[in-house]
Amino acid sequence: MRLYERDNFLRIEVICGVYNQNYDSLKEQYGNEKRIFFHKAVDNIERYMQEADIAISAGGTTLYELCALGVPTISYAFVDNQLDNVKQFQADNTIDYAGDVREEKIVDKINMYLKEYMNDMELRKKKSLQMQRFIDGKGAERIAEALIAL
């Protein structure tokens, strides 16, 4: 199954963590496609997030960063400790959840969400605003203020 009409995207940035065991095989399989760019263990992830129109991300803390930046996101889980996160974001109608890769094939659901987002700019704007209301990115500032007040 192919990613939804990937030729319609100007750029697809694939960012893998330092421990991702599939990086080399992904790069080998898709590395010749002119719109797909592969990166591993980037130290400037926020730059990629700020430039993204849509993100597809695993259900870790990255979701909170994407919320603070207001990047409409499709999430998935691949370990147990991500399940509460992705399911709560889905329940709050903040981030769409495509499923757990260990139990289901998620490509069809990702394609469905991508198609919705690509065809509906108002939906992307709505999700972006909702995400930024949910996570405003000022948590560290509030913690610092609370510590100073001690």
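A brief structural summary. On a predicted model such as this, the values are computed, not experimentally measured, just so you know.

1. Digging into the packing of helix α3 (residues 62–69) against helix α4 (residues 83–91)
Working step 1: For the pair α3 and α4, interaxial distance at closest approach is 11 Å and the crossing angle is 30°. The pairing of α3 with α4 is recorded here as roughly parallel in orientation. Here α3 contributes L63, Y64 and C67 to the contact with α4, which in turn contributes N85, V86 and F89.
Working step 2: Residue classes in the contact of α3 with α4 are distributed as 5 nonpolar, 1 polar and no charged.

2. A look at the environment of T73
Working step 1: With respect to the helices and strands, T73 occurs in strand β4 (residues 73–77).
Working step 2: Assessed through its relative accessible area of 0%, T73 is described here as buried.
Working step 3: With 58 residues separating them along the chain, T73 and M131 place their C-alpha atoms 9.3 Å apart.
Working step 4: The contacts of T73, once residues within four sequence positions are left out, are A55, S57, L63, L66, I95, D96, Y117 and M131.
Working step 5: Looking at T73, its side chain comes within polar contact range of the main-chain oxygen of V71, at 2.6 Å.

3. With respect to the nonpolar core
Working step 1: I74, A98, I110, L114 and Y117 are the most contacted members of the largest nonpolar core, which totals 15 residues.
Working step 2: Looking at this core, the elements with two or more residues in it are β1 (12–16), β2 (36–40) and α5 (107–118).
Working step 3: Beyond its immediate stretch of four places on either side in the chain, Y117 contacts I54, P72, T73, I74, D96, L123, R124 and K127.
Working step 4: If you look at the next biggest cluster of nonpolar residues, it comprises 14 residues, including L63, V71, A77 and M131.

4. Brief notes about the pairing of β2
Working step 1: Two elements, β1 and β2, share 5 bridges in a ladder whose sense is parallel. Looking across to β2, one finds that C16 is bridged to K40.
Working step 2: For the handedness criterion, the β-α-β arrangement of β1, helix α1 (residues 23–30) and β2 is classed as right-handed.

5. So, the pattern of salt bridges
Working step 1: Scanning the entire structure with this criterion turns up 7 salt bridges.
Working step 2: Residue K127 is joined to D96 by a salt bridge in which the shortest nitrogen-to-oxygen separation is 3.6 Å. Here K127, found in helix α6 (residues 121–134), pairs with D96, found in strand β5 (residues 96–100); they are 31 residues apart in sequence, far enough to count as distant. Like D96, K127 is buried.

6. Comments concerning the packing of aromatic side chains
Working step 1: Tallied over the full model, the rule gives 3 aromatic pairs.
Working step 2: Between F89 and F134 the ring centres are 5.5 Å apart and the planes differ by 65°, which places this aromatic pair in the edge-to-face class. Remark: F134 occurs in helix α6 and F89 occurs in helix α4; sequence separation between them is 45 residues.
Working step 3: The structure contains a cluster of three or more aromatic residues connected by ring pairs, namely Y64, F89 and F134.
Working step 4: Of note, R11 hangs over the ring of F37, and the distance from its end group to the ring centre comes to 3.7 Å.

The rules behind the values
Residues numbered from 1 in each chain as written. Predicted model: local features only at pLDDT ≥ 70, side-chain atom pairs only at ≥ 80, totals over all residues. Heavy atoms only, no water. Axes fitted to C-alpha atoms, helices over the stretch in contact; angles between N-to-C directions. Helix = DSSP H or I, 4+ residues; strand = E, 2+ residues; numbered from the N terminus. Parallel < 35°, antiparallel > 145°, perpendicular 65-115°, else oblique. Contact = heavy atoms within 4.5 Å. Nonpolar A, V, L, I, M, F, W, Y, C, P; charged D, E, K, R; others polar. Buried < 20%, exposed > 50% of the residue type's maximum accessible area, 1.4 Å probe, protein only. Polar contact = N/O pair within 3.5 Å; in protein donor to acceptor, adjacent residues only side chain to side chain. Core = buried A, V, L, I, M, F, W, Y, C linked by side-chain atoms within 4.5 Å. Pairing = 2+ DSSP bridges. Right-handed = clockwise from strand over helix to strand, strands pointing away. Salt bridge = Lys/Arg side-chain N within 4 Å of Asp/Glu carboxyl O. Phe/Tyr/Trp six-rings, centres within 6.5 Å; stacked < 30°, edge-to-face > 60°. Lys NZ or Arg CZ within 6 Å of the ring centre and 35° of its normal.

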